[in-house]
Amino acid sequence: MSKTAAGRFFEDYQPGQVIRHAVPRTVTLGERALYHALYPARHALASSDAFARACGLPASPLDDLAAFHVVFGKTVPDVSLNAVANLGYAEGRWLKPVWPGDTLRSESEVIGVKENSNGKSGVVWVRTRGLNQNDEPVLEYVRWVMVRKGNLSAPAPETVIPDLAKAVDPSALVIPDGLDFSGYDFGLAGEPHRWGDYEVGETIDHVDGVTIEEAEHMMATRLWQNTAKVHFDATYRPDGKRLIYGGHVISMARALSFNGLANAQLIVGLNGGAHANPCFAGDTVRAWSEVLDKAETPAPGVGAIRLRLVATTGAPFVLKGDDGKYLPEVLLDLDYWALMPV
């Protein structure tokens, strides 16, 4: 009996299946340092203990997307090791801040399957939860991924497509305990623009661009223990290229969005998202945002803003063609809620 594992293939998934992912991970301040080395991340709340304490928190939490990457990485050997591509996200909520010293683990439930018409792959939907050392949920989200079949003659499972919400209701967003922006220091945060300054429908060109490097991408996938073959093995794709981890593109675009959205301090909801086209080393990524919605929250001085974040290698404010399909230069279309001082 082989002691090695080839990972799950499409025919190995069934709705209702619960997967407890291996290798819990204790995060430290080193996680923050590496995250900020990989991306031009400058949001003050995740950078300064003093700033965080002035906003009612006991210390600076780990960057919300760094926590997401840790939780996501745990799932890869069981969910997307044999993936063709990670396709999208929905119903994501950050439930509790992650602090240096916390130990995170992940578990997922298969909530949908659908074989593709070519009979060689299929789409798998999973709902994943990240939990800390006290078994408290810190993060939950749904994602769907296209996975290869290991046995092409294996019968297709019965199709189950989950009914997912188009957006997280603002009333379901979780505000970190104690968060208070009533004494917010806009000077230290880097920009004067507050929640009331943004209008629904407004678009923002974040101006800056970053050329993606192979070395940084590989460091990111190793940091979060992402073992998907398409990111490591250049022989796994017909074009002989390693696919840039989608989370790397998400974090790069979020960091670029600081220029124009410096006060969107915390991501608390993930409404939807699509990795529209592949990204490869050498691509220069730029970002733009659109304000989709705004909502009040019960926390003092804190408002919620719903944003579309687009990563592209092309011009800003261009997303889809006349056929309704994403243009080839669009890499990411992410819809999220963030917290901002009013």
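Residues numbered from 1 in each chain as written. Predicted model: local features only at pLDDT ≥ 70, side-chain atom pairs only at ≥ 80, totals over all residues. Heavy atoms only, no water.

Asker: An account of helix α1 (residues 29-38) is needed here, citing residue identities and associated values.
Answerer: Every buried residue of α1 is accounted for by E31, R32, Y35 and L38. Angularly, the buried residues of α1 cover 130 degrees about the axis, an arc narrow enough to put them on a single face. Of the exposed residues in α1, those oriented more than 90 degrees away from the buried face are L29, A33 and A37. (Buried < 20%, exposed > 50% of the residue type's maximum accessible area, 1.4 Å probe, protein only. Helix = DSSP H or I, 4+ residues; strand = E, 2+ residues; numbered from the N terminus. Arc of directions from axis to C-beta.)

Asker: Quick one: what's the story with the side chain of H248, residue by residue and with numbers?
Answerer: Inspection of the secondary structure puts H248 in helix α7 (residues 246-256). Exposure remark for H248: the relative accessible area of 0% places this residue in the buried category. At a separation of 2.7 Å, a polar atom in the side chain of H248 contacts the side chain of Y39. If near-sequence neighbours (up to four positions away) are discounted, H248 is found in contact with Y39, I212, E216, H217 and A220. (Polar contact = N/O pair within 3.5 Å; in protein donor to acceptor, adjacent residues only side chain to side chain. Contact = heavy atoms within 4.5 Å.)

Asker: I'd like a rundown of the pairing of strand β8 (residues 266-275), residues and numbers included.
Answerer: Most of β8 is tucked away: ten of the ten residues are buried. Relative to β8, strand β3 (residues 83-94) runs antiparallel, the two being bridged by five bridges. When the sheet's bridge partners are listed, A90 is paired in β8 with G272. With eight bridges connecting them, β8 and strand β11 (residues 330-341) associate as antiparallel partners. (Pairing = 2+ DSSP bridges.)

Asker: Can you break down the environment of R237 residue by residue, with the values?
Answerer: Along the chain, R237 turns up in the loop between α6 (229-232) and α7. Along the chain, R237 and G282 lie 45 residues apart, while their C-alpha atoms are 17 Å from each other. Look past the residues within four positions of R237 in its chain and what remains in contact with it is V230, L243 and F280. Within the local environment of R237, its side chain forms a polar contact with the side chain of D239, the two groups lying 2.8 Å apart.

Asker: Please give an account of the pairing of strand β6 (residues 137-148) that cites residues and values.
Answerer: Where burial is concerned, most of β6 is hidden: nine out of the twelve residues are buried. As defined by bridge partners, β3 adjoins β6 across eight bridges and the pair is classed as antiparallel. What sits directly across from A83, in β6, is V147. In terms of strand pairing, strand β5 (residues 121-131) meets β6 through eleven bridges, oriented antiparallel. Bridging across to β6, W125 finds its partner in W144. Here β5 folds back onto β6, and the loop between the two strands holds five residues, one of which, D135, carries a positive phi near 60 degrees.

Asker: How would you explain the packing of aromatic side chains if you had to name every residue and give the values?
Answerer: As enumerated under the stated definition, the model contains twelve aromatic pairs in all. Between F68 and W94, the aromatic rings sit 6.3 Å apart at their centres with planes inclined by 35 degrees, giving tilted as the arrangement. One end of the pair, F68, is in helix α3 (residues 64-79); the other, W94, is in strand β3, and 26 residues separate them in sequence. F68 gets classed as buried once you look at its relative accessible area, which sits at 2%. A network of ring pairs unites the aromatic residues F68, F72, Y89, W94, Y141 and Y245 as a single cluster. Its guanidinium or amino end placed over the ring of W195, K294 lies 4.4 Å from that ring's centre, counting from NZ or CZ. Across from the ring centre of Y326, 4.8 Å away, lies the NZ or CZ of K320, which sits over that ring. (Phe/Tyr/Trp six-rings, centres within 6.5 Å; stacked < 30°, edge-to-face > 60°. Lys NZ or Arg CZ within 6 Å of the ring centre and 35° of its normal.)

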